[in-house]
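# A look at the structure
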Amino acid sequence: MNENKEYVTHPEEMGTIHISEDVLAAIAASAAREIDGVAGLMSGPGGKKSGGRSVRISITDEHAVVDVYLMVRYGQPIPEVAEKVQNAVYSAVEAMAGLDVREVNVHVGGVSFE
């Protein structure tokens, strides 16, 4: 396995399951995009230097902190959209990866007028 990535490890009776942080980020991004009012995802701090990641996952001892960077459609109530994103990401990551999500931080970096 690539040692530069974090993995969530689930020891099972028949062997060990490793889930990449990229998979967790994809799950979170998909859940965020499904929320009405989300215009799109955007890169987080560092832009292209950080690989342009719109979702960042920090994993420690089977717990995760998720940061989602997005744009909201003009006219949508930002706090409501952000709360819906938090709930959707939390539920999706916990259900699909069996990971305890401690925080989902939503960073609204812009408003889309389209």
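Located above this text is the structure these notes cover.
Reference entry: report on the structure contained in this document. Since we're looking at a predicted model, the values are computed, not measured. (Residues numbered from 1 in each chain as written. Predicted model: local features only at pLDDT ≥ 70, side-chain atom pairs only at ≥ 80, totals over all residues. Heavy atoms only, no water.)

## Some remarks on a nonpolar patch on the surface
- Nonpolar side chains collect at one region of the surface, where Y74, I78, V108, V111 and F113 lie side by side and expose about 510 Å² of accessible area between them.
- Mapped onto the fold, V111 is located in strand 6 (residues 100-112). (Patch = residues over 30% accessible without salt bridge, like charges linked within 9 Å, V, L, I, M, F, W, Y side chains within 5 Å. Areas by Shrake-Rupley, 256 points an atom, 1.4 Å probe, with all protein chains shown as cover. Salt bridge = Lys/Arg side-chain N within 4 Å of Asp/Glu carboxyl O. Helix = DSSP H or I, 4+ residues; strand = E, 2+ residues; numbered from the N terminus.)

## Remarks on the pattern of salt bridges
- Applying the stated rule across the entire model yields 3 salt bridges.
- R53 is paired through a salt bridge with E21; the nearest N and O atoms lie 3.6 Å apart. With a gap of 32 residues between them, R53 in the loop between strand 3 (38-41) and strand 4 (55-60) and E21 in helix 1 (residues 21-33) connect regions that are remote in the sequence.
- The exposure class of R53 is partly exposed, given its relative accessible area of 25%.
- Notably, a salt bridge pairs R53 with D22, separated by 3.8 Å at the nearest N-O pair. (Buried < 20%, exposed > 50% of the residue type's maximum accessible area, 1.4 Å probe, protein only.)

## Structural notes on the environment of R53
- Considered as a pair, R53 and A25 are 28 residues apart in the sequence and their alpha carbons are 8.9 Å apart.
- Other than its neighbours up to four places away in sequence, R53 contacts E21, D22, A25, M42, S43, G44 and Y69. (Contact = heavy atoms within 4.5 Å.)

## What about the side chain of S112?
- Structurally, S112 is set in strand 6.
- We classify S112 as buried; its relative accessible area is 14%.
- Once you skip the residues sitting within four places of it in the chain, S112 turns out to touch A39, M71, V72, R73 and Y74.

## Considering the nonpolar core
- Membership of the largest hydrophobic core comes to 31 residues, with the highest contact counts inside it found for L24, V66, V85 and V89.
- Sorting the residues of this core by element identifies helix 1, strand 4, strand 5 (63-73), helix 2 (78-97) and strand 6 as the ones contributing at least two each.
- In terms of residues, this core owes the most to one element, helix 2, which gives 8 residues.
- If near-sequence neighbours (up to four positions away) are discounted, L24 is found in contact with V8, I19, I57, I59, V93, A97 and L99. (Core = buried A, V, L, I, M, F, W, Y, C linked by side-chain atoms within 4.5 Å.)

## Points about helix 1
- End to end, helix 1 covers 18 Å across 13 residues, agreeing with the expected 18 Å (1.5 Å per residue, within 8%).
- Within the sequence span of helix 1, burial applies to E21, L24, A25, I27, A28, A29, A31 and A32.
- Its side-chain oxygen 3.0 Å from the backbone nitrogen of D22, S20 forms the N-cap of helix 1. (Expected span 1.5 Å × (residues − 1). Polar contact = N/O pair within 3.5 Å; in protein donor to acceptor, adjacent residues only side chain to side chain.)

## Describing the environment of V89
- With respect to the helices and strands, the residue V89 is situated in helix 2.
- In this structure the C-alpha to C-alpha distance between V89 and V66, which are 23 residues apart in sequence, comes to 8.3 Å.
- When near neighbours in sequence (up to four residues on either side) are disregarded, V89 contacts A28, A31, A32, V66, V68 and V104.

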